[in-house]
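Descriptive structure summary
Each chain, written out:
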Amino acid sequence: MNPGFDFDAAVGAPFRMQPGLRKLAPATAQLTALNPAAPAFAEKLTVLTQHAGEALVCAPDFDPLPALRALVHEAARDPLTALSADDDGVTAHRLGCRVRWDGGLVDAGSAAPSPHAAALACLTALPPAQRLSGLLSLALHEDLAIVDGARATLPWMAVCLPSHWAPSEKVGRSFAAVHGPVADNATLIAASQHLTRLVCQPQRWERFVWNLTTHPAHDQHPARHARRPWPDDPQAVAELAHWRTEHQTFIPLPALQQAVFTIHVNVRTMTQAIATPRQAAALHAALSTMSDAVLAYRSLGPARDGLLAWLAARASA
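Below: a short report on this structure. (Residues numbered from 1 in each chain as written. Predicted model: local features only at pLDDT ≥ 70, side-chain atom pairs only at ≥ 80, totals over all residues. Heavy atoms only, no water.)

1. With respect to the packing of aromatic side chains
Going through the model one piece at a time under the given rule, you end up with six aromatic pairs. A ring pair is formed by Phe 5 and Trp 243, whose centres lie 6.1 Å apart and whose planes are at 85°; its orientation type is edge-to-face. Within this pair, whereas Phe 5 is found in the segment before α1 (7-10), its partner Trp 243 is found in strand β10 (residues 242-253), the two being separated by 238 residues in sequence. Each member of the pair Phe 5 and Trp 243 is classed as buried. Measuring from ring centre to ring centre gives 5.7 Å for Phe 15 and Trp 210, while their planes differ by 80°; the resulting arrangement is edge-to-face. (Phe/Tyr/Trp six-rings, centres within 6.5 Å; stacked < 30°, edge-to-face > 60°. Helix = DSSP H or I, 4+ residues; strand = E, 2+ residues; numbered from the N terminus. Buried < 20%, exposed > 50% of the residue type's maximum accessible area, 1.4 Å probe, protein only.)

2. Some remarks on the sheet that holds strand β9 (residues 204-213)
Spatially, β1-β9-β10-β11-β7-β8-β2 is the arrangement adopted by the seven strands of the open sheet, whose pairing is antiparallel. The open sheet has two free edges, formed respectively by β1 (22-24) and β2 (56-58), since each of these has just one partner strand. Adjacent strand axes in the sheet meet at a mean angle of 30° when their direction is disregarded. Note that β1 and β9 share three bridges and pair antiparallel. Directly across from Arg 22, in β9, lies its bridge partner Glu 206. Strands β2, β7 (143-148) and β8 (153-158) of the sheet are contacted by helix α6 (residues 128-139), whose axis makes an angle of about 135° with β2. (Pairing = 2+ DSSP bridges. Axes fitted to C-alpha atoms, helices over the stretch in contact; angles between N-to-C directions. Contact = heavy atoms within 4.5 Å.)

3. With respect to the pairing of β10
Taken across its 12 residues, β10 has 12 buried, putting it largely inside the fold. Burial along β10 is two-sided: the residues His 242, Arg 244, Glu 246, Gln 248, Phe 250 and Pro 252 and Trp 243, Thr 245, His 247, Thr 249, Ile 251 and Leu 253 are all buried. Where β9 and β10 come together, nine bridges link them in antiparallel fashion. When the bridges of β10 are listed, Trp 210 appears paired with Thr 245.

4. Observations concerning unusual backbone geometry
A cis amide bond links Ala 13 with the next residue in sequence, Pro 14, at an omega value of 0°. Among the secondary structure elements, Pro 14 is positioned in the loop between α1 and β1. Notably, Ala 152 is not glycine yet its phi reads approximately 55°, a positive angle. Within the fold, Ala 152 resides in the loop between β7 and β8. Owing to a relative accessible area of 9%, Ala 152 belongs among the buried residues under this scheme. A positive phi angle is found at Ser 299, which is not glycine, with a value near 55°. Mapped onto the secondary structure, Ser 299 falls in the loop between α14 (292-297) and α15 (304-315). The class of Ser 299 is partly exposed, set by a relative accessible area of 22%.

This is the structure in structure tokens:
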């Protein structure tokens, strides 16, 4: 299970598409070091090596550096992230890679020789303006985006592991436009300007997102990974289902009227993730109360009956 994902807070019935923000204590860690041995690291490295222009995106009139400086200093306060910063640049110690603030240099710096030459080669190949974004993407498990509270937009993203959406189609657009395709989105759209201002104020927030999918990987960019159809056999549905969770948080930067939006993605098979009868009963209740529009948006319509059957059996075990 995603270590920051609160199952009880996230999975409820009747299911509703809503902001679902919950306050975070000021000292709560919001950034996680990415283990170079983890599948998410390999997926991020592949995306940044082959599709960096689709993952590292920025609106033409926006300078992300002030927010990224603040983000790096936030991360450096937690020694577990293995990031440090000085006046010259940023070092990712687990990667043995260093990037200057101006993006002009990528090297091992004062860190130990890099055990991940592919990461160093990937960062070196990026345009200077993208190297800091690339370093943060490989050093941290979280995907990242900047929220502009004054304009209610998302002007910068470093998103390697999206869930069936394309960062290049969202960057620079308003919060309301970004969430336009979401099913049953009236509450989200109505609150969009209020939410973008709220998360840029000093209080920190988190929210939780989950889905059941046929896709076993973290990266679900629609141009790279087509949706896999659900099988007709109900038992095969359960065996193919994967439990995808996102723990999303907001790191406020009030002086800039901005916030950094973090997305920690985790994917496990449903049969492993839904481990107790209580969890199965809660997920059964949520899934059974989804509207047809939400089921279609999440591509769960063909699998609903098979998933409910498996969850009912697990709940009664």
